[in-house]
Amino acid sequence: EVQLSESGGDLVQPGGSLRLSCAASGFFFYSYAMAWVRQAPGKGLEWVSTIGGGGGATYYAESVKGRFTVSRDNSANIVYLQMSSLRPEDTALYYCARGDTMIVVTAGAFDPWGLGTQVTVSS
Amino acid sequence: QSVLTQPPSASGTPGQRVIISCSGSSSNIGNNYVYWYQQFPGTAPKLLIEKNDQRPSGVPDRFSGSKSGTSASLAISGLRSDDEGDYYCAAWDDNLSGSYVFGPGTRVTVL
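Residues numbered from 1 in each chain as written. Chains lettered and ligands numbered in written order. Predicted model: local features only at pLDDT ≥ 70, side-chain atom pairs only at ≥ 80, totals over all residues. Heavy atoms only, no water.

With that settled, consider the pattern of salt bridges. Two side chains that carry opposite charge are able to pair once their charged atoms sit near each other. Residue and element names in this part refer to chain A. Inspection of the entire model under this criterion finds seven salt bridges over all chains. Two residues, Asp90 and Arg38, come together in a salt bridge whose shortest N-O distance is 2.9 Å. With Asp90 in the loop between β8 (78–83) and β9 (92–98) and Arg38 in strand β4 (residues 34–39), this residue pair connects regions lying 52 residues apart in the sequence. Neither residue differs from the other here; Asp90 and Arg38 are each classed as buried. Across the pair Arg67 and Asp90 runs a salt bridge whose closest N-O atoms are separated by 2.7 Å. One end of the pair, Arg67, is in the loop between β6 (58–60) and β7 (68–73); the other, Asp90, is in the loop between β8 and β9, and 23 residues separate them in sequence. Members of the salt-bridge network, linked through shared partners, are Arg38, Glu46, Arg67 and Asp90. (Salt bridge = Lys/Arg side-chain N within 4 Å of Asp/Glu carboxyl O. Helix = DSSP H or I, 4+ residues; strand = E, 2+ residues; numbered from the N terminus. Buried < 20%, exposed > 50% of the residue type's maximum accessible area, 1.4 Å probe, protein only.)

This is the structure we're talking about:
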């Protein structure tokens, strides 16, 4: 069974940093791009970042570019989201999801999704 | 503000057909596949339609997707009370060196 499990969410002060992890199991991890999507309280879905299966290709939303870094460890089946210079507007439930191919720009079908990890940015 | 436009709400009675529209531009829907996601309150989103009109395994054939030009739509036939939830369209956008965009979502209510 394909499973994704996010962790690392916390309450952090503005300007702070946080690293999220997403542990994957049940599939050949290297063969799939992985995405991060967030949802602010009461709001819609917002794509954050996608990383290709090999880890070399990364894409980011304009709202996080230069502040967030996505990476993956294919030997441990984990994808990470390093977040820095956090702002109150980064407060959200962060989901990781599997893309349907290993190439980022063709990996448009996100399935499945994890349950999410909560990030709260507040003083 | 999303580059994809969806109506904020849609409704119907049990058994009816509901159609949700998603409007974009040549840089997203016009040149890329459209995806639809279903989300119930307090749960993670679920892929409903991929590549414009394909249903992943396990998705009932009551759900169908279509695309024409820079617009797409999701149809729910035989509406059921457990279809109540939020529905999002999404697509890759060729602007800004590539980004994935979601529509604002449509809340479906079964009357």
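This part covers the pairing of strand β2 (residues 18–23) of chain B. Regular strands place side chains that alternate from one sheet face to the opposite one. Residue and element names in this part refer to chain B. Here β2 shows a buried face lined by Val18, Ile20 and Cys22 and an unburied face lined by Ile19, Ser21 and Ser23. Relative to strand β6 (residues 71–76), β2 runs antiparallel, the two being bridged by six bridges. When the sheet's bridge partners are listed, Ser23 is paired in β6 with Ser71. (Pairing = 2+ DSSP bridges.)

This part covers the side chain of Gln38(B). All names here are of chain B. Inspection of the secondary structure puts Gln38 in strand β3 (residues 34–39). When its relative accessible area of 7% is taken as the criterion, Gln38 is described as buried. A polar atom in the side chain of Gln38 sits 3.0 Å from the side chain of Tyr87. (Polar contact = N/O pair within 3.5 Å; in protein donor to acceptor, adjacent residues only side chain to side chain.)

With that out of the way, let us pick up the state of the cysteines. Residues and elements named next belong to chain A. Taken as a whole, this structure holds two disulfides over all chains when the rule is applied. Sulfur-sulfur distance for the disulfide between Cys22 and Cys96 comes to 1.9 Å. Across the S-S bond linking Cys22 and Cys96, the dihedral sits near 45°, which makes this disulfide right-handed. With Cys22 in strand β3 (residues 18–25) and Cys96 in strand β9, the pair connects residues that are 74 residues apart, well separated along the chain. For Cys96, a relative accessible area of 0% puts it in the buried group. (Disulfide = S-S within 2.5 Å.)

Here we take up the layout of surface pockets. For the largest pocket, the calculated volume is near 600 Å³. Every residue lining the largest pocket is counted, 26 residues in all, and those nearest its centre are Glu46(A), Gln1(B), Ser2(B), Val101(B) and Phe102(B). Among the elements that take part in the lining of the largest pocket, strand β8 (residues 99–102) of chain B stands out by supplying four residues, more than any other. A breakdown of the residues in the lining of the largest pocket according to their chemical character gives eleven nonpolar, nine polar and six charged. Roughly 360 Å³ of internal volume is contained in the second largest pocket. In this structure, the second largest pocket is lined by 20 residues; those nearest its centre are Gln39(A), Lys43(A), Gln39(B), Asp86(B) and Tyr88(B). (1 Å grid on protein atoms, 1.4 Å probe; cavity = no way out; pocket = protein on both sides within 12 Å on 5 of 7 lines; lining within 4 Å. Points joined across faces, edges and corners; volume = space filled by probe spheres on them. Nonpolar A, V, L, I, M, F, W, Y, C, P; charged D, E, K, R; others polar.)

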